Amino acid sequence: MNVEIIFLGSGGGRWATITQKKPTGGFRIHTDELKLHVDPGPGAIVRLNQLKISPWKTNSLFISHCHPDHYNDGEIIVEAITNGMTRKRGIFIGSLTVVEGFGEYEYVISKYHQSKLELVKALYPNDELKLYDTTIKATKTKHGDPFGIGFRLKTKYGDIGYTSDTEFIPSLIKDFDGVRVLIANIVRKKNEKIRGHLCSNDVIDLINSMENKPELLIMNHMGVKMTNPLKEAKYIEENTNIKVVPAKLGLRIELLKNNILIR
Ligand SMILES: [Zn+2]
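Please read all numbers here as calculations on a predicted model, not as lab measurements.

Conventions we followed
- Residues numbered from 1 in each chain as written.
- Predicted model: local features only at pLDDT ≥ 70, side-chain atom pairs only at ≥ 80, totals over all residues.
- Heavy atoms only, no water.
- Helix = DSSP H or I, 4+ residues; strand = E, 2+ residues; numbered from the N terminus.
- Rg over C-alpha atoms; globule rule 2.2 N^0.38 Å.
- Buried < 20%, exposed > 50% of the residue type's maximum accessible area, 1.4 Å probe, protein only.
- Contact = heavy atoms within 4.5 Å.
- Areas by Shrake-Rupley, 256 points an atom, 1.4 Å probe, with all protein chains shown as cover.
- Phe/Tyr/Trp six-rings, centres within 6.5 Å; stacked < 30°, edge-to-face > 60°.
- Donors = N, O, S within 2.8 Å, 3.2 Å for Na, K, Ca; no water.
- Tetrahedral: all angles 85-135°; square planar, octahedral: opposite > 155°, others 65-115°.

Engineer: Whenever I open this one, the overall build of the chain confuses me. Can you help?
Structural biologist: If you tally the helices and strands in the chain, you get 9 helices and 16 strands. A compact globule built from 263 residues should have a C-alpha radius of gyration of about 18 Å, and the chain, at 17 Å, falls within 12% of that. With respect to the three principal axes, the spread of C-alpha positions in the chain is 50 × 40 × 35 Å. Counting over 263 residues, the chain shows a buried share of 58%. Pairs at least 24 apart in sequence give 63% of the contacts found in the chain among residues at least 6 apart. When the accessible surface of the chain is split by element, carbon and sulfur atoms take 50% of a total near 11,200 Å².

Dropping the structure here:
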């Protein structure tokens, strides 16, 4: 099969999450072998069922950091992975905080749930791990959770990057240089800078600093102040000369060898 990315929402931040004005289910990456759920915020399990995507086939869970708009439905995803906790199966990876806890950040998948998984691993920036027929490399962030990570996933049809929640830091340039698809958590529009997060202008600077720009940028984790995602996508497009699409519930991206389908 082709490599597929499916979005179970587009929202992030407390206001989008509480009001569900933008859904917060995270996204999926499917390859021949990998069935990965990334950052299952509130509603992830509802959105999976709504879109008729079988939760049972999930075999991996990635949680980038210890905020509930990223981890809330994580234990339910583990229950799906493990066939309702009846089989030891699957992989859970995430930041130190979500896996083991640190200081005021408590681990977010119970030890009981963790015990039913085949592999549980906390990743630090630059750590690499084989994940079925892909390889995942953790990337650095600067956000409220000091251990938060994004990733770069190597697939047979190119790399997929995910910034997770972060403000602009120079390491993002090399971490995501040359990815085919970049999923960026862009909370606010234009130059509305906000600590710990990216706004559109940050992402424009990021992309224009790369030697090899992505073929496609997906705007993800948008806050309530991102009132017109399509208009904002056009703005980023005009300033980077790459294709930009805002995430939405049910958005499917298919990576083929020579092109990318957006459905
Ligand atoms: Zn966060």
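Engineer: Any chance you could explain the packing of aromatic side chains here in plain terms?
Structural biologist: Two aromatic rings, taken as a pair, are described by how far apart their centres are and by the angle between their planes. Counted by the stated rule, this structure contains 5 aromatic pairs. Their ring planes at 80 degrees and their centres at 5.0 Å tell us that Phe27 and Tyr162 sit as a pair that is edge-to-face. In this pair, Phe27 sits in strand E2 (residues 24-30) while Tyr162 sits in strand E10 (residues 158-162), placing the two residues 135 residues apart along the sequence. By relative accessible area, which is 1% here, Phe27 ends up buried. Residue classification places Tyr162 among the buried positions, given a relative accessible area of 1%. Summarising the aromatic geometry, the rings of Phe62 and Phe151 are spaced 4.9 Å apart at their centres and angled 80 degrees between planes, so their arrangement reads as edge-to-face.

Engineer: Just to check I follow, could you spell out the coordination of the zinc ion for this structure?
Structural biologist: Each donor-metal-donor angle would ideally measure 109.5 degrees in four-coordinate tetrahedral geometry, or 90 or 180 degrees in six-coordinate octahedral geometry. Every protein donor of the zinc ion is accounted for by His65 (NE2), His67 (ND1), His143 (NE2) and Asp165 (OD), and the metal-donor separations fall at 2.2 to 2.4 Å. For the zinc ion, the 4 donor atoms in the first shell make angles of 89 to 177 degrees at the metal, so the coordination geometry reads as irregular. Taken in chain order, the donor set of the zinc ion reads H-x1-H-x75-H-x21-D. With His65 in the loop between strand E4 (60-63) and helix H3 (68-71) and His143 in the loop between strand E8 (134-140) and strand E9 (149-155), this residue pair connects regions lying 78 residues apart in the sequence.

Engineer: Just checking my understanding: could you explain the environment of Arg195 for this structure?
Structural biologist: Looking at the element boundaries, Arg195 is found in the loop between strand E11 (181-188) and strand E12 (198-199). A sequence separation of 52 residues divides Arg195 from His143, and the C-alpha atoms of the two residues are 7.8 Å apart.

Engineer: Can you help me understand the environment of Val78 in this one?
Structural biologist: Within the fold, Val78 resides in helix H4 (residues 74-81). Along the sequence, Val78 and Thr58 sit 20 residues apart, while their C-alpha atoms lie 8.6 Å from each other. Excluding residues within four positions of it along the chain, Val78 makes contact with Leu61, Met85, Ile109, His113 and Leu117.

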